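Residue-level structure breakdown
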Amino acid sequence: ERPDYEPAPAPGGLPWVTKCSNDVSNRHIATLQIPNVGTGGGLLEKDVAYAVNLMITNAKTFNADSNAVWEMYTFRNNDNSRFVHYTALPSFQLEVLWARVAPESPKIGASSLLFVSFRPMRDLGPHGQLVLHAPQSVRLFCRLRPYFVRGNLPGGVSCAGANNYALVQLSGGDFLERGVPYQFALRVTNPAAIGDMMGDWAIRLQTQERELIHETSQVSSYALTKTAISRFAIAPV
C-alpha cells in the first residue's frame, strides 16, 4: 500500500518488487515478487539497500517475554528451491493500552458499579468512542444516569450498553489525551456461578466511523466470590 521504492525505479522501468501476496491459511507470511530480467526487471545488487512499504495489522495481544522475531528468506528467480539468504530480526514492541476493571461487589449474581480505568497511548478526537466488551456471561447497563458515573471523562460523554457490551461516546467538543489516566463507572451484573466468568475483557478506542485508534483484549477479569461485603460502619472508640 502506497509503496515508496528504494532505489526508485528508472524512468519507464519496473520497480524492484512488483507483487506482494500471501496464503489465506498463513496470513503472517508475505511473498514479494521480483521481476525477472527478461520482463524488464533487474538483478538485486549486493551492498545496496532496498525498501518498500507494506500494510500490516498488528497482533491483538502482546507478550513481552515471547522474543518474537521477523524472518526473511530470499530465493533466486522466485524459485523457493533456490535459496540465497536468510535473516532474523527482533520484532518491534507494541504499545499496550493499559486498562483495568474492578467491581464494587465481586459476589456471584450481584449488581454494582464497575470501575473502568485506562490510559490511552494515542489521542481520541471529537465524537470518538470507547467500546467495552465483557465476558459473555456478564451484563452491562449504563443508559440511565444513576448507572453511569463519568469520573474524569469529559463532561459531554454519554453511554449506552446492553448484554456484555457498552459504548461510551464523546461529544463534538471533547477528546481524550494520550498518556492521561481516565476512569469511569457503569452498572455490572455478575454471572450466577463462579465458573461462568470466562475470558478477559476488551477495550477499543475508535472514531465515529469505527476506525481503530487503540485496542486491547488483555484486560484481566476479576475473581468472583460467594460472599462479599456490601456495607460496613466504623464506630469511634
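Not measured: the values here are computed from a predicted model.

This brings us to the layout of surface pockets. Roughly 540 Å³ of internal volume is contained in the second largest pocket. The wall of the second largest pocket is formed by 20 residues, among which Asn58, Ala59, Leu212, His214 and Glu215 lie closest to the centre. Partitioning the lining of the second largest pocket into residue classes produces eight nonpolar, eight polar and four charged.

What the rule picks out here adds up to one disulfide. Between the sulfur atoms of Cys142 and its disulfide partner Cys159 the distance amounts to 1.9 Å. Looking along the S-S bond of the Cys142-Cys159 disulfide, the torsion reads about -80°, which is the left-handed sense. One end of the pair, Cys142, is in the loop between β8 (139–141) and β9 (148–149); the other, Cys159, is in strand β10 (residues 158–162), and 17 residues separate them in sequence. Overall, Cys142 belongs to the buried group, its relative accessible area being 1%.

So, about the pattern of salt bridges. Within the structure shown, the criterion is met by one salt bridge. The salt bridge involving Glu215 is made with Arg204; its shortest N-O contact spans 3.5 Å. Remark: Arg204 occurs in strand β13 (residues 201–206) and Glu215 occurs in strand β14 (residues 212–219); sequence separation between them is 11 residues. On the basis of relative accessible area, Glu215 is assigned to the partly exposed category, the value being 31%.

Another point: the pairing of strand β12 (residues 182–189). Bridge count for strand β6 (residues 111–119) against β12 is eight bridges, and the pairing is antiparallel. When the bridges of β12 are listed, Phe118 appears paired with Tyr182. In terms of strand pairing, β8 meets β12 through three bridges, oriented antiparallel. Paired with Phe141 across the two strands is Arg187, which belongs to β12. Where β9 meets β12, two bridges bridge the pair, whose relative direction is antiparallel. Looking across to β12, one finds that Val149 is bridged to Ala185.

Analysis parameters
- Residues numbered from 1 in each chain as written.
- Predicted model: local features only at pLDDT ≥ 70, side-chain atom pairs only at ≥ 80, totals over all residues.
- Heavy atoms only, no water.
- 1 Å grid on protein atoms, 1.4 Å probe; cavity = no way out; pocket = protein on both sides within 12 Å on 5 of 7 lines; lining within 4 Å.
- Points joined across faces, edges and corners; volume = space filled by probe spheres on them.
- Nonpolar A, V, L, I, M, F, W, Y, C, P; charged D, E, K, R; others polar.
- Disulfide = S-S within 2.5 Å.
- Helix = DSSP H or I, 4+ residues; strand = E, 2+ residues; numbered from the N terminus.
- Buried < 20%, exposed > 50% of the residue type's maximum accessible area, 1.4 Å probe, protein only.
- Salt bridge = Lys/Arg side-chain N within 4 Å of Asp/Glu carboxyl O.
- Pairing = 2+ DSSP bridges.

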